[in-house]
Amino acid sequence: DLLKLRHTSAHVMAMAVQQTFPEAQVTIGPWIDNGFYYDFFFPETTDAETGEAVPSRKLTAQDLKKVKKAMDKIISKNYPIVKEEVTREEAKRRIELINEPFKLEILDSIKTEPITIYSIGEEWWDLCAGPHVESTGQLPKKAIALQSVAGAYWRGDENREMLQRIYATAWKDPKQLKAYKKMMEEAKKRDHRMLGKQLDLFSIQEDAGGGLVFWHPKGARIRTKIEDFWKDQHTSQGYDLVYSPHIANLELWKTSGHFDFYAEGMFDQMDVENEVYQIRPMNCPFHCLMFKDDIRSYRDLPIRWAELGTVYRYERSGTLHGLMRVRGFTQDDAHVFCLPEQLEDEIVAVLKLTQGILSRFGFNKYELMLSTRPEKSVGSDKIWDDATAALVGAMDKLGWSYGIDEGGGAFYGPKIDLKIKDAIGRTWQCSTVQCDFNLPDRFDLDYISAEGTKERPIMLHRAIFGSIERFFGILTENCAGDFPFWLAPVQMRLLPVTDAVYDYCKDVAAKANKLGLRVEVDRGNERLAKQIRNAEKGRIPVMSVVGMKELEEGTLAVRSRKLGDLGSFSVDDLLTELKQCDEAAVEMTKMGEVPQKEEEESE
């Protein structure tokens, strides 16, 4: 079992670190996707001979090699992994004997008894709930690799100690490790932060503050195309687009419950004319207010409102990561207010819309997870059962397979989470469909039934991209910056061989731009070979070298970045073909044959 293997590997690594650097103090070491990590605190020490203070150790790549060597020895000795249950007092006594202050804090946070300890032979132990393999000899030495070191605050609190986190990975055999390393090398080449800089798409300006995205012209063009397509798809499926404010009175967030449940993720409040206002971390309370603004009849439902709403959430600086984790981001939010008997059909429609939108961007492989009722929840048994049945029924109608996360739902309702698989096999959480029984109650939402009584509507939260920023990062890495023709910020670049054809190129570009195509002319300051290289580096899908022959004949010689030379065409014929490719979201192959975009079923 890979989970056991990685968990035991984390313990072995911690033991090896303390053997190699006795001053190290351990904190936590969980398994994560594709591996595990362990956090260590290195206190200042005193030189035994001089009595002078020695600064805390900063782990290096060479140190990791020493730790891996120590791990291999521990594995070779085949120590048994022993589980032991002790009282809280006994655990505290043992921790105090070895002077591990962080373990005392961890012990205090454990609310259940007895306390579980796992030991590696009689050499080393840690507080742990398990599971583990039976002995260290079961770990495959050649399938474990220590990867990197990063800083992390204890408990994520910047006012606490700075720890050193060792990231590592473990697999069942060296072949799997080799495949993982290959994937990581490919992922490094596709890093959206690097590509964003190289292609001049976006930036994070630290002078303005961490986690705030600046969209440069080229990135903004792609974002506009994404948003326009999203809006068109929604309006064609019966959604109305809405807009709501970026701040609101704090009382709104108290009514919604966000101030009680998510205060740590919200920015500080501001005083406005002796009232307290809050910058929004969510969009849903605004939609509830809009629903409540009028008397609703059962005949009005379902109501579908969609908004590309920018929200702001406090994230610690150490957790920020390019576009994947930011402080200001735009959710592709939508809320559906419906009758109980409409719920399953609405979920089916949401899932179909999700499939249609994601496939446009090349994502056709999905993993779905149904999350059911947790221990703490709101709403009656019947409403939970009916909502869960509607989610299941919707996926069954579509023939989609899914896993079940028992008890993993939100306190306010069950949900479906959808992960997309990218070009190198990684999965990304994006889409979600959630039933909400909480907000309709908190905002006292109702509609007039056919019998004339006031009834609660069912509320569906749903997002397809999750956020524009994160989806943009995923999309960039999926295509390695080689955006499909319909999304490319520059779809074609004209490369003038001589100044005599520059005006011709400008006229062609102007004609293309009027058709909605994004065509630009190279300034011609470089030699032709350099112009071609620049277009290749800019990942421009189509280029055309323009000389006197093209000027005289009114043609363009076309080269596709992905398909090579496509031939010479009249300007009108070429622009017509490119416009068709742009609208159909396909690549140009040869004149007169716009290929059909293939659709795939979800997996």
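Student: Let's hear about helix 14 (residues 468-478): which residues, and what values?
Tutor: Where burial is concerned, most of helix 14 is hidden: ten out of the eleven residues are buried. Within helix 14 the residues assigned to the buried category are Ile468, Glu469, Phe471, Phe472, Gly473, Ile474, Leu475, Thr476, Glu477 and Asn478. Where helix 14 terminates, the next one or two residues include alanine 480, which has phi positive at roughly 55°.

Student: I'd like to hear about unusual backbone geometry, residue by residue, with values.
Tutor: With an omega dihedral of 0°, the bond running from glycine 130 to proline 131 counts as a cis peptide bond. One can find proline 131 in the loop between strand 8 (124-127) and strand 9 (144-153). Here leucine 301 and proline 302 are connected by a cis peptide whose omega angle stands at 5°. Checked against the element boundaries, proline 302 lands in the loop between helix 10 (284-292) and strand 17 (303-312). Phi is positive for aspartate 200, which is not a glycine, with a value near 60°. By secondary structure assignment, the location of aspartate 200 is in the loop between helix 6 (192-198) and strand 11 (202-204).

Student: So what about the sheet that holds strand 26 (residues 492-496)? Which residues, and what values?
Tutor: Within the open sheet, the five strands sit side by side as 27-26-28-29-30. Their pairing is mixed. The two strands at the open ends of the sheet, each matched to only one other strand, are strand 27 (519-521) and strand 30 (564-570). Ignoring strand direction, the axes of neighbouring strands in this sheet form an average angle of 25°. Summarising the sheet, strand 29 (residues 555-560) and strand 30 pair through six bridges and their orientation is antiparallel. Looking across to strand 30, one finds that serine 560 is bridged to glycine 564. Each of strand 26, strand 27, strand 28 (542-546) and strand 29 is contacted by helix 15 (residues 502-514), which is oriented at about 165° to strand 27, the strand it contacts most. Against the sheet, helix 18 (residues 571-584) makes contact with strand 26, strand 28, strand 29 and strand 30, and its axis sits at roughly 125° relative to strand 30, the strand it touches most.

Student: Account for the pairing of strand 3 (residues 35-41), with residues named and values stated.
Tutor: Among the seven residues that make up strand 3, seven are buried, leaving the element largely enclosed by the rest of the structure. Burial along strand 3 is two-sided: Gly35, Tyr37, Asp39 and Phe41 and Phe36, Tyr38 and Phe40, pointing in opposite directions, are all buried. By the bridge criterion, two bridges tie strand 1 (residues 25-26) to strand 3 in an arrangement that is antiparallel. Within strand 3, the position partnered with valine 26 by the bridge is phenylalanine 40.

Student: I'd like a description of the side chain of arginine 327, backed by residues and values.
Tutor: Counting through the fold element by element, arginine 327 comes out in the loop between strand 17 and strand 18 (328-338). Classification of arginine 327 as buried rests on a relative accessible area of 15%. Engagement of the side chain of arginine 327 in a polar contact is seen with the backbone oxygen of glutamate 315, the distance being 2.8 Å. Not counting residues within four places of it along the chain, the set of residues in contact with arginine 327 comprises Gly210, Gly211, Leu212, Phe267, Val311, Tyr312, Arg313, Tyr314, Glu315, Arg316, Ser317 and Leu320.

Student: So, the pattern of salt bridges: which residues are in play, and what are the values?
Tutor: Pairing between side chains of opposite charge can happen when their charged atoms approach one another. Tallied over the entire structure, the rule returns 34 salt bridges. Taking the shortest distance from any N to any O, the salt bridge between glutamate 23 and arginine 57 comes out at 3.1 Å. With a gap of 34 residues between them, glutamate 23 in the loop between helix 1 (2-20) and strand 1 and arginine 57 in the loop between strand 5 (53-54) and helix 2 (61-76) connect regions that are remote in the sequence. Classification of arginine 57 by relative accessible area gives partly exposed; the value is 32%. Among the salt bridges present, the one from arginine 456 reaches aspartate 444, with a minimum N-O distance of 3.0 Å. Within this pair, whereas arginine 456 is found in the loop between strand 24 (454-455) and strand 25 (458-463), its partner aspartate 444 is found in the loop between helix 13 (438-442) and strand 23 (447-448), the two being separated by twelve residues in sequence. Using a relative accessible area of 34% as the deciding quantity, one classes arginine 456 as partly exposed. Residue aspartate 444 is classed as partly exposed on the basis of its relative accessible area of 40%.

Student: Describe the side chain of histidine 234, listing the residues and the values that go with them.
Tutor: Residue position: histidine 234 is located in helix 7 (residues 217-236). Filtering out sequence-adjacent residues up to four positions away, histidine 234 remains in contact with Tyr239, Ala306, Leu353, Ile357, Arg462 and Ile464.

Student: Report on the pairing of strand 18, specifying residues and quantitative values.
Tutor: A large share of strand 18 lies buried, amounting to eleven of its eleven residues. Residues Gly328, Thr330, Asp332, Ala334, Val336 and Cys338 point to one face of strand 18 and Phe329, Gln331, Asp333, His335 and Phe337 to the other, with burial holding for every one of them. Pairing of strand 17 with strand 18 involves ten bridges; the strand directions are antiparallel. Considered in strand 18, the bridge of isoleucine 303 is made with phenylalanine 337.

Student: How would you explain the layout of surface pockets if you had to name every residue and give the values?
Tutor: Considered as a void within the structure, the second largest pocket measures approximately 510 Å³ in volume. For the second largest pocket, the lining is made up of 21 residues, of which Lys218, Arg493, Glu520, Asn534 and Gly538 are closest to its centre. Within the residue set of the lining of the second largest pocket, elements represented by two or more residues are strand 27 and helix 16 (528-537). Counted by class, the lining of the second largest pocket contains eight nonpolar, five polar and eight charged residues.

Cut-offs and rules
- Residues numbered from 1 in each chain as written.
- Predicted model: local features only at pLDDT ≥ 70, side-chain atom pairs only at ≥ 80, totals over all residues.
- Heavy atoms only, no water.
- Buried < 20%, exposed > 50% of the residue type's maximum accessible area, 1.4 Å probe, protein only.
- Helix = DSSP H or I, 4+ residues; strand = E, 2+ residues; numbered from the N terminus.
- Pairing = 2+ DSSP bridges.
- Axes fitted to C-alpha atoms, helices over the stretch in contact; angles between N-to-C directions.
- Contact = heavy atoms within 4.5 Å.
- Polar contact = N/O pair within 3.5 Å; in protein donor to acceptor, adjacent residues only side chain to side chain.
- Salt bridge = Lys/Arg side-chain N within 4 Å of Asp/Glu carboxyl O.
- 1 Å grid on protein atoms, 1.4 Å probe; cavity = no way out; pocket = protein on both sides within 12 Å on 5 of 7 lines; lining within 4 Å.
- Points joined across faces, edges and corners; volume = space filled by probe spheres on them.
- Nonpolar A, V, L, I, M, F, W, Y, C, P; charged D, E, K, R; others polar.

Read these as layout, nothing more, since geometry by itself doesn't imply function.
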